[in-house]
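# Descriptive structure summary
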Amino acid sequence: RITSILEERLGASSPETPWRWRGGSVLTRDNQNIRRISTFASFSASRSLKDPPECLISMMLPGSIQITGEALSGAEIRDICESLKENGVRLLSVRGCQLADRDFSRVCRGVAESRSLAQLNLNLGVVSTGARAEQLAEALRANRSVQTLFLHGSPLLDAGLVTLNSALSTHPSLVSLDLGDCMLGDEAVRLLCGLLPPDGAKSGLKELTLSANPAVSSQGWARLAIAVAHSSQLRVLNLDYNPLGDHIAGMLAVAVASSRTLEVLDLEGTGLTNQSAQVFLDMVENYPTSLRVLVLSENNISPELQQQISDLLSEAEEEETEERNAERHREGCLIPREKPWIPHSTSSSSQMVLMASGMGESFLAETEM
């Protein structure tokens, strides 16, 4: 729809007026000066535009800048920073992009000043050094609006998380954190447990992704399981592609049974067998749980066991819905059911065991609000 509007208002793409779509804010050129307009699509045009068309003016509410795997120029960095400072960006994604150290520092200053930015995606190596981790920490200490932070595929190590920890733990709005494939170890997990406070003692994370951090030991995972069991807010936990095995899975099953909030647990490709599946089956069969989604694909677990777990989760969901509707009828009114937490890492909203694997969920984890 956006493409057709732009072609109608600005003229179809041609050798004289080429567009280049990039996903993010709109780039236009006005007498050689790049002008960025935040929206949910982007293009660059080599034609002169004295004024943005009405169809673009209507989109100049806080929007989205999404650029993937490019070397960003100084002019593009300047436009990004201006949009941040003008509170024109709600989602900023520069995953896999190449930024000079000076430009990364400028982006961090823009993040610090922005009051509109809700999602920041620096996946795939953008935070590549300890110095950049320090700059990001400084920006987050000043920022008050970021709710979701993606750092997947950044070589942080434990030292990087030590640098970021104080900014993360004191941020007033942060609810979703992706630290998958960040080369973390036990010390990092110990610090992350502080972001899962018990019994509403303070605000904490609703979604945590720790995919593909094989350096974490069984002691580190045990510490995390205890924190999850007592967390008053965590709803989504992604631990896929860690070498957990049945022993750690058993600890996690106990944590899930104890948790009053956890709705999604991703254990794809974690070295589980039917032994783990039987523990989870006993849990959902005999104990009330908040669990909505259990991902067990890419494990050595029989389809029959996975189906049994899926059926039990579905039955529990149906019974819960019926009980809530009956209670509302008794109260004499039909109050719309509170919308469940929609995790960033999965598009599924019903209780199920995901038995098929694919790339869809991982891409959603990196891009979706």
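Criteria and thresholds
- Residues numbered from 1 in each chain as written.
- Predicted model: local features only at pLDDT ≥ 70, side-chain atom pairs only at ≥ 80, totals over all residues.
- Heavy atoms only, no water.
- pLDDT = per-residue confidence, 0-100.
- Contact = heavy atoms within 4.5 Å.
- Core = buried A, V, L, I, M, F, W, Y, C linked by side-chain atoms within 4.5 Å.
- Buried < 20%, exposed > 50% of the residue type's maximum accessible area, 1.4 Å probe, protein only.
- Axes fitted to C-alpha atoms, helices over the stretch in contact; angles between N-to-C directions.
- Helix = DSSP H or I, 4+ residues; strand = E, 2+ residues; numbered from the N terminus.
- Parallel < 35°, antiparallel > 145°, perpendicular 65-115°, else oblique.
- Left-handed = near helix turned anticlockwise from the far one by under 90°.
- Nonpolar A, V, L, I, M, F, W, Y, C, P; charged D, E, K, R; others polar.
- Salt bridge = Lys/Arg side-chain N within 4 Å of Asp/Glu carboxyl O.
- Polar contact = N/O pair within 3.5 Å; in protein donor to acceptor, adjacent residues only side chain to side chain.

Under an unreviewed UniProt entry, the protein chain has the name Leucine rich repeat containing 73 and belongs to Danionella cerebrum.

### Digging into the confidence of the model for the protein chain
Chain-level pLDDT for the protein chain is 79 on average; 68% of the residues reach the 70-or-more range. Low pLDDT (under 50) marks residues 13-60, which in the prediction has 125 contacts with non-local residues, meaning those over four places away or in another chain. Low pLDDT, under 50, characterises residues 346-369; the stretch is placed with 62 contacts to residues that sit more than four places away or in other chains.

### Quick notes on the nonpolar core
Membership of the largest hydrophobic core comes to 82 residues, with the highest contact counts inside it found for Leu-92, Leu-179, Leu-224 and Leu-267. For Leu-267, the contacting residues outside a window of four places in its chain are Leu-239, Leu-244, Leu-252, Leu-272, Phe-280, Leu-294, Val-295, Leu-296, Ser-297 and Asn-299.

### Thoughts on the packing of helix 6 (residues 157-170) against helix 7 (residues 186-193)
Packing of helix 6 against helix 7 leaves a shortest axis separation of 8 Å and a crossing angle of 25°. Considered as vectors, helix 6 and helix 7 are oriented roughly parallel to each other. Judged by the twist between their axes, the crossing of helix 6 over helix 7 is left-handed. Where helix 6 approaches helix 7, its residues Asp-158, Leu-161, Val-162 and Asn-165 are matched on the opposing element by Asp-186, Glu-187, Ala-188, Leu-191 and Leu-192. Broken down by class, the residue content of the contact of helix 6 with helix 7 amounts to five nonpolar, one polar and three charged.

### Considerations on the pattern of salt bridges
Counted under the stated rule, the structure contains four salt bridges. For Arg-141, the salt bridge goes to Glu-134, with nearest N and O atoms at 3.2 Å. Overall, Arg-141 belongs to the partly exposed group, its relative accessible area being 34%. In this structure, the salt-bridge partner of Arg-190 is Glu-187, at a minimum N-O distance of 2.6 Å. You can see Arg-190 and its partner Glu-187 sitting in helix 7, three residues apart, about one turn around the helix. Given a relative accessible area of 38%, Arg-190 falls into the partly exposed group.

### Description of the side chain of His-171
Here His-171 shows up in the loop between helix 6 and strand 7 (176-178). Classification of His-171 as buried rests on a relative accessible area of 6%. Within polar-contact distance, the side chain of His-171 engages the side chain of Asn-143 at 3.1 Å. With residues near it in sequence (within four places) discarded, His-171 still touches Leu-140, Asn-143, Arg-144, Ser-145 and Val-146.

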